[in-house]
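Observations on the model geometry
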Amino acid sequence: QLSSGQDVALYSRSYALVIGVQSYTHWDRLINPIRDAHEVGEKLAQQGFEVTYLDDPDSEGLKGRLKAFAYGPAGRDEDARVVVFFAGHGHTEKIASGQRGFIVPRDAPRPEKDMVGFMTRAFSMDDIEQLATGMRAKHVLFVFDSCFSGTLLRGNAHPQPITEKTTK
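Keep in mind that this is a model prediction, so the values were computed, not measured.

1. A word on the overall build of the protein chain
Helix and strand content of the protein chain: 6 helices and 7 strands. Relative to its full complement of 168 residues, the protein chain shows a buried share of 40%. Of the roughly 9300 Å² that the protein chain leaves accessible, carbon and sulfur atoms contribute 49%.

As structure tokens, this is what we get:
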């Protein structure tokens, strides 16, 4: 609000993509991600967000919806605020340059059983960064309610890929 009392709009619109995955094919079933995601979505809706829900997506559904959201009207609106919330399994995989974090769709196999299938289906933090930097929205926030194989919080240390991505 200006000193004259006039309200100033900070954003043209507010968009949220809220994703919950709990019924995994190859990973342990999680108890509440969909409920948690919907509760987050309800709170965002109360704050004026247009919320899109995605429950138990497979790889194709997750990647397609993320890209449609990032490169569609929500991500292209230069005066918008955008939130992407993911609740589900995460995984950290050792690679030649260190570690890489992934969010896991419903149909991704466990990497120790099928690395090619995992890498084909999981969505990496590098992929997330590419989406985020490709958006034109004024403010973009990604929130992950995921365990990255127990490495996310070990004391005060964070895995290098998480630290690198969150500082950007």
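2. Let's talk about the sheet that holds strand S7 (residues 139–145)
Read across the sheet, 4 strands follow the order S2-S1-S3-S7 without closing on themselves; strand pairing throughout is parallel. Strands with a single pairing partner mark the edges of an open sheet, and in this sheet they are strand S2 (50–55) and S7. Taken over all neighbouring pairs, the strand axes of this sheet differ in orientation by 10 degrees on average, direction set aside.

3. Section: the pattern of salt bridges
For the structure shown, the criterion picks out 7 salt bridges. Between arginine 100 and aspartate 126 there is a salt bridge, and its shortest N-O distance comes to 2.8 Å. Residue arginine 100 is found in strand S5 (residues 98–103), and its partner aspartate 126 is found in helix H5 (residues 125–134); the two are separated by 26 residues along the sequence. For arginine 100, a relative accessible area of 24% gives the class partly exposed. Looking at aspartate 126, the relative accessible area reads 31%, which means it is partly exposed.

4. Topic: the environment of leucine 54
Of note, leucine 54 is situated in strand S2. Through-space distance from the C-alpha of leucine 54 to that of histidine 38 is 9.5 Å; in sequence the pair is 16 residues apart. Look past the residues within four positions of leucine 54 in its chain and what remains in contact with it is Val18, Ile19, Gly20, Gly61, Leu62 and Arg65.

5. A look at the confidence of the model for the protein chain
In low-pLDDT regions, the fine details of the predicted coordinates are not to be read closely. For the protein chain, per-residue confidence averages 86 on the pLDDT scale, and 82% of positions sit at 70 or higher. Across residues 149–159, confidence stays below pLDDT 50; counting only partners more than four residues off in sequence or on other chains, it has 15 contacts.

6. Digging into the environment of glycine 75
Locating glycine 75 in the fold gives a position in helix H3 (residues 73–76). Judged by relative accessible area, glycine 75 falls into the buried class, the value being 0%. Sequence-distant contacts of glycine 75, that is, excluding residues within four places in its chain, are made with Phe69, Ala70, Met135, Arg136 and Ala137.

7. A word on the environment of leucine 44
By the element assignment, leucine 44 lies in helix H1 (residues 33–46). On the basis of relative accessibility, which here comes to 14%, the residue leucine 44 falls in the buried class. Remark: the alpha-carbon pair of leucine 44 and valine 83, spanning 39 residues in sequence, is separated by 8.9 Å. If we ignore the near neighbours within four places in the chain, the residues touching leucine 44 are Ala16, Val18, Phe49, Val51 and Val83.

8. A closer look at the nonpolar core
Among the nonpolar cores identified, the biggest contains 29 residues, and Ile19, Leu66, Phe69 and Ile103 are the most heavily contacted of them. Looking at this core, the elements that each hand over two or more residues are strand S1 (14–20), helix H2 (59–71), strand S3 (81–87), S5 and H5. Here this core takes 4 residues from H2, the largest share from any one element. Those residues in contact with isoleucine 19 that lie beyond four places of it in its chain are Ala37, Leu54, Pro57, Leu62, Leu66, Val84, Phe85, Phe86 and Ala87. Ranked by size, the runner-up nonpolar core spans 8 residues in total, among them Val18, Ala37, Phe85 and Ala87.

Rules and cut-offs
Residues numbered from 1 in each chain as written. Predicted model: local features only at pLDDT ≥ 70, side-chain atom pairs only at ≥ 80, totals over all residues. Heavy atoms only, no water. Helix = DSSP H or I, 4+ residues; strand = E, 2+ residues; numbered from the N terminus. Buried < 20%, exposed > 50% of the residue type's maximum accessible area, 1.4 Å probe, protein only. Areas by Shrake-Rupley, 256 points an atom, 1.4 Å probe, with all protein chains shown as cover. Pairing = 2+ DSSP bridges. Axes fitted to C-alpha atoms, helices over the stretch in contact; angles between N-to-C directions. Salt bridge = Lys/Arg side-chain N within 4 Å of Asp/Glu carboxyl O. Contact = heavy atoms within 4.5 Å. pLDDT = per-residue confidence, 0-100. Core = buried A, V, L, I, M, F, W, Y, C linked by side-chain atoms within 4.5 Å.

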